[in-house]
Amino acid sequence: VGDLREPGYRAFVSDKIAALAPACDGFFIDTLDSYTTYLAEADRPAYAAAAAAFLEKVKTDWPGKLLVLNRGFELLPLLKPGTADALAAESLYKGIDPATRKYRDMTPEETAWLYDRLKETKTAGLPVIAIDYLPHGDPGRQAAAAAISAAGFIPYVTDMDLLGEGVMGITP
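Residues numbered from 1 in each chain as written. Predicted model: local features only at pLDDT ≥ 70, side-chain atom pairs only at ≥ 80, totals over all residues. Heavy atoms only, no water.

Caption draft 1: Highlighting the sheet that holds strand 2 (residues 66-70). The 5 strands are arranged 1-2-3-6-7 in an open sheet whose pairing can be described as parallel. One side of each edge strand has no neighbouring strand; the edge strands of this open sheet are strand 1 (26-29) and strand 7 (154-158). Along the sheet, successive strands turn relative to each other by an average axial angle of 20°, direction set aside. Bridging between strand 3 (residues 86-90) and strand 6 (residues 128-133) involves 4 bridges; their strand directions are parallel. Its bridge partner lying in strand 6, A89 is registered against A130. Packing of helix 5 (residues 141-150) onto the sheet brings it into contact with strand 6 and strand 7, and relative to strand 7 it is tilted by some 155°. (Pairing = 2+ DSSP bridges. Helix = DSSP H or I, 4+ residues; strand = E, 2+ residues; numbered from the N terminus. Axes fitted to C-alpha atoms, helices over the stretch in contact; angles between N-to-C directions. Contact = heavy atoms within 4.5 Å.)

Given below as structure tokens:
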């Protein structure tokens, strides 16, 4: 996890974004909540403020690009309106066990916790993308996408390695 409080790291990431920007429609900023695993509770507000300021700078530097945040629920109240174009979160109903790299159903408690965060985000006016995981070719992928859609979120169901085409519940 990079430390967005550090000017050198912010510059490094900004340079990477600038190099990619001409070929991209937008940016997917992954695992924005990871810092909560590594930082002491007392250090988290300063990190969150630095992360929010960094995201606002990305949007200011690249106003025509989409900015999709992966998680980072605690950052949303700190962002200026219009900074993020959408929020994504993984494993609403179907996820991956990182220790075994096996697909798994999320527990009712995990689903309820995430559903509540996603609903709050959507109610606040930000589009929400729920990303679930099932193996490529699994016949349950369309049903998983339909369940996400029925919950009120934009579905995307893919395999754990993000290979091949994901399912969005849209049939031509």
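Caption draft 2: Structural detail: the pattern of salt bridges. For the structure shown, the criterion picks out 8 salt bridges. A salt bridge links D161 to R101; its shortest N-O distance comes to 2.8 Å. In this pair, D161 sits in the segment after strand 7 while R101 sits in the loop between strand 4 (94-97) and strand 5 (102-105), placing the two residues 60 residues apart along the sequence. Note on D161: relative accessible area 42%, which makes it partly exposed. Owing to a relative accessible area of 47%, R101 belongs among the partly exposed residues under this scheme. Note that E110 and R104 form a salt bridge whose closest N and O atoms lie 2.8 Å from each other. (Salt bridge = Lys/Arg side-chain N within 4 Å of Asp/Glu carboxyl O. Buried < 20%, exposed > 50% of the residue type's maximum accessible area, 1.4 Å probe, protein only.)

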